[in-house]
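The residues making up each chain are set out below.
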Amino acid sequence: MLKFSNTLSRTKEEFIPIESGKVRMYSCGPTVYNFMHIGNLRTFFFEDILLRVLKYNGYAVKYVMNITDVGHLTADSDTGDDKMEESAREQGKSVWDIAESYTKAFKNDILLMNIIPPDIYTKATDYIKQQIEMIKCLEEKGFTYTISDGVYYDTSKFPSYGDLARLDIKGLQEGARVEFSAEKKNTTDFALWKFSPKNERRQMEWESPWGIGFPGWHLECSAMSKTELGNHFDIHCSAIDHIFPHHTNEIAQSEACNGEKFVNYWIHGDFLDMGNEKMSKSLGNFITLQTLIEKGYSPLDYRYFLLMAHYKKKLKFSIEALDAARNGYKNLRGKINNLKQAVHEEGQVNDSKVEAEKFSEWKNRFSESINDDLNMPGAMAVFWDMLRDEGLSSYEKLNLAYDFDKIFGLNLDKTDVKSSDSEIPEEIKILVNQRNDAKKNKDFKLSDEIRNEIKGLGYEILDKKDSIEIKKIN
RNA sequence: GGUGUGGUACCCAAGUGGCUUAAGGGGAAAGUCUGCAAAACUUUUAUUCGUCAGUUCGAAUCUGACCCACACCUCCA
């Protein structure tokens, strides 16, 4: 049984798709005004796991992710600068160039992290027409009103407003941090269409029945999901910070316009906890995947790190914890390599078989973990236990490992420790041979000296039973 | 002020009433192997789950109080 935590009910629910065997899923993608930091990446990783688990369970998934290339506003929905325009100004580029270059960087990060891309990326600027249509729809049904700076959604007209976030609207109004906009009817009302400032030309602005301007932040997801997935679909995911206001407002827009339920399962991932130093794009102190790569970590080391925690909980990031992940991942690859070698050797002797009972027992244990609200730490524990099971042949273990890796995405089938082949420079090979000779002559002093020399050149020698492995030190 | 989440070993982190007198990984220690290392393999590493009360035959898991962290309350993954 496949179960997910649904933010709507705040409980784990059995997953039942609208259409048997098929899943339609939408996730809120990046706003492309800057690089992704590793916290952002945690969310996309979680969505990747979700996608993989659905596929593993045999569902045909249609997965849509948006790219927000229209700027929101820095301060709140009524004031402040547009982040996209601001970034463009700082870098002396056009907004369109900014969007393109950061979209590219995002897609590259996704690739490096082995995150499966969505079937469709929807760019907000490609769906302006549909967004305008949606405002018209809401206008016709009486959910909108216009004030000096834009067209707004009247949240008081939507009785279940705030249910997703369990909002206490009265408490909100009394809250210290909420500023009233004099013209807004309710604190929670939000912009559907913002007018361009009268004395200023924006780089991104469009004609609309209400005047030149640009769409409100929340509208794009409602319009794009409707276009690509229909009025009612299965899963909508992203991180917890979007529960309010973003998803709350999406529900209000979509359900008011479409007249039917919007999404069955809302699934939200928690943040990466950076400890004292809170990462913030505005402060510029955030860690990107590139930062980690520069420090000598592979993107898959980071992926392994993320696998060690459940998506619903905060994960404490530290270099120490990342090192632990890197070591764990390295050890795992080592074990897989040993299995590969064993299978290779055994394969010539006898036909490798899979013993159905044992095999499916492990598969079941694995499925139980991943289907229980994507319990990756649990699945990893099953993985490590399986590798230690003496009742399994190397062939069976390797097969299970590859099967599990459909979820983990650690490229275990591709792992290859660099060994004595063309990648090793000639001079190193010569030194290795010299050391071998010294060893044969039992001149261990010399052989150790040569080994140190090789080490100084960046290569490590590992003496195996009847072979020598040369490894590049990273 | 409102709402919500969490505090599990040296670090990361599962488990949310009996299968657990608490998974898994990292680290550390010991052993086997080895000329020595490395690798591999084996073993050890929380009588205890923020604190204090309570419910129960039985609690890390439920209830209450308290302490501490964190998040959200219109920038935010």
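Described below are features of the structure shown in this document. (Residues numbered from 1 in each chain as written. Chains lettered and ligands numbered in written order. Predicted model: local features only at pLDDT ≥ 70, side-chain atom pairs only at ≥ 80, totals over all residues. Heavy atoms only, no water.)

Digging into the overall build of chain A
Part 1 of the argument: Scanning chain A from N- to C-terminus turns up 15 helices and 15 strands.
Part 2 of the argument: In chain A, buried positions account for 51% of the 474 residues.
Part 3 of the argument: A separation of at least 24 residues holds for 75% of the contacts in chain A among residues at least 6 apart in sequence. (Helix = DSSP H or I, 4+ residues; strand = E, 2+ residues; numbered from the N terminus. Buried < 20%, exposed > 50% of the residue type's maximum accessible area, 1.4 Å probe, protein only. Contact = heavy atoms within 4.5 Å.)

So, the state of the cysteines
A covalent bond between the sulfur atoms of two cysteines is referred to as a disulfide.
Part 1 of the argument: All chains considered together, the criterion is met by one disulfide.
Part 2 of the argument: Paired through a disulfide, Cys137 and Cys257 show a sulfur-sulfur distance of 2.2 Å. The chirality of the disulfide connecting Cys137 with Cys257 is right-handed, given an S-S dihedral of about 115 degrees. Taken together, the positions of Cys137 in helix H4 (residues 128-140) and Cys257 in helix H7 (residues 243-258) put the pair 120 residues apart, joining distant regions of the chain. (Disulfide = S-S within 2.5 Å.)

Structural notes on helix H2 (residues 83-91)
Part 1 of the argument: For H2, the set of buried residues is Met84, Glu85, Ser87 and Ala88. Seen along its axis, H2 keeps its buried residues to an arc of 160 degrees; they face one direction. Of the exposed residues in H2, those oriented more than 90 degrees away from the buried face are Arg89 and Glu90.
Part 2 of the argument: On the buried face of H2, the contacting elements are helix H3 (95-112).
Part 3 of the argument: Remark: Gly92 follows H2 within two positions and exhibits a positive phi of approximately 65 degrees. (Arc of directions from axis to C-beta.)

Focus on unusual backbone geometry
Part 1 of the argument: Of note, the bond from Phe244 into Pro245 is cis; its omega dihedral lies within 30 degrees of zero at 5 degrees.
Part 2 of the argument: Within the secondary structure, Pro245 is located in helix H7.
Part 3 of the argument: Of note, Asn411 is a non-glycine position whose phi angle comes to about 55 degrees, a positive value.
Part 4 of the argument: Within the secondary structure, Asn411 sits in the loop between helix H13 (394-408) and helix H14 (426-440).
Part 5 of the argument: Look at Asn411 and you get partly exposed, because its relative accessible area is 22%.

So, the pattern of salt bridges
It is possible for side chains of opposite charge to pair when their charged atoms get near one another.
Part 1 of the argument: If you walk through the whole model with that rule in mind, you get 17 salt bridges.
Part 2 of the argument: Between Arg365 and Asp385 there is a salt bridge; the shortest N-O distance is 3.6 Å. You can see Arg365 sitting in helix H11 (residues 356-371) and its partner Asp385 sitting in helix H12 (residues 376-388), a full 20 residues away along the chain.
Part 3 of the argument: Across the pair Arg451 and Asp448 runs a salt bridge whose closest N-O atoms are separated by 3.4 Å. Residue Arg451 and its partner Asp448 are both found in helix H15 (residues 444-456); the two are separated by three residues, about one turn of the helix.
Part 4 of the argument: A relative accessible area of 33% places Arg451 in the partly exposed class.
Part 5 of the argument: Accessibility expressed as a relative area gives 36% for Asp448, which makes it partly exposed.
Part 6 of the argument: Connected via shared salt-bridge partners are Asp48, Arg52 and Arg303. (Salt bridge = Lys/Arg side-chain N within 4 Å of Asp/Glu carboxyl O.)

Here we look at the nonpolar core
Part 1 of the argument: Formed by 124 residues in total, the largest nonpolar core has its most connected members in Met25, Leu54, Ile235, Tyr302, Phe317, Phe383 and Phe408.
Part 2 of the argument: Looking at this core, the element that brings in the most residues is helix H1 (residues 38-56), giving eleven residues.
Part 3 of the argument: Looking at which domains feed residues into this core, each of domain 1 (3-269) and domain 2 (291-408) supplies at least three.
Part 4 of the argument: The residues contacting Phe408, other than those within four sequence positions of it, are Arg303, Leu307, Phe366, Met376, Ala379, Met380 and Phe383.
Part 5 of the argument: Membership of the second largest hydrophobic core comes to eight residues, among which are Ile428, Leu431, Val432 and Tyr459. (Core = buried A, V, L, I, M, F, W, Y, C linked by side-chain atoms within 4.5 Å. Domains from an automatic or database assignment.)

With respect to the sheet that holds strand E9 (residues 213-215)
Part 1 of the argument: The strand order E6-E7-E8-E9 describes an open sheet built from four strands, whose pairing is antiparallel. Each end of this open sheet is capped by a strand with a single partner; those strands are strand E6 (144-147) and E9. This sheet shows a mean twist of 25 degrees between the axes of neighbouring strands, independent of strand direction.
Part 2 of the argument: Inspection of the sheet shows strand E8 (residues 190-195) paired to E9 by three bridges, in the antiparallel sense. Residue pairing across strands places Phe195 opposite Gly213, the latter belonging to E9. (Pairing = 2+ DSSP bridges. Axes fitted to C-alpha atoms, helices over the stretch in contact; angles between N-to-C directions.)

Here's the deal with the sheet that holds strand E4 (residues 60-67)
Part 1 of the argument: Across the sheet, which stays open at both edges, the five strands sit in the order E5-E4-E3-E10-E11 with parallel pairing between neighbours. At either end of the open sheet lies a strand with only one pairing partner, and these are strand E5 (120-123) and strand E11 (263-269). Averaged over all pairs of adjacent strands, the angle between strand axes in this sheet comes to 25 degrees, irrespective of strand direction.
Part 2 of the argument: As paired strands, E4 and E5 are joined by four bridges and run parallel to one another. Bridge pairing links Met65 to Tyr121 in E5.

A few points about the side chain of Thr288
Part 1 of the argument: Turning to its location among the elements, Thr288 is positioned in the loop between strand E12 (272-273) and helix H8 (289-294).
Part 2 of the argument: At 2.9 Å, the side chain of Thr288 forms a polar contact with the side chain of Thr291. (Polar contact = N/O pair within 3.5 Å; in protein donor to acceptor, adjacent residues only side chain to side chain.)

Considerations on H3
Part 1 of the argument: Counted at 1.5 Å a residue, the expected span for H3 with its 18 residues is 26 Å, and the 26 Å between its end C-alpha atoms agrees.
Part 2 of the argument: Every buried residue belonging to H3 is among Val95, Ile98, Ala99, Tyr102, Thr103, Ala105, Phe106, Asp109 and Ile110, and all of these are buried. Seen along its axis, H3 keeps its buried residues to an arc of 165 degrees; they face one direction. When the buried face of H3 is taken as reference, the exposed residues oriented beyond 90 degrees from it are Glu100, Lys104 and Leu111.
Part 3 of the argument: On its buried face, H3 is in contact with H1, E4, H2, E5 and H8.
Part 4 of the argument: Remark: Asn114 follows H3 within two positions and exhibits a positive phi of approximately 65 degrees. (Expected span 1.5 Å × (residues − 1).)

Honestly, that's just the spatial picture; any functional story needs more than this.
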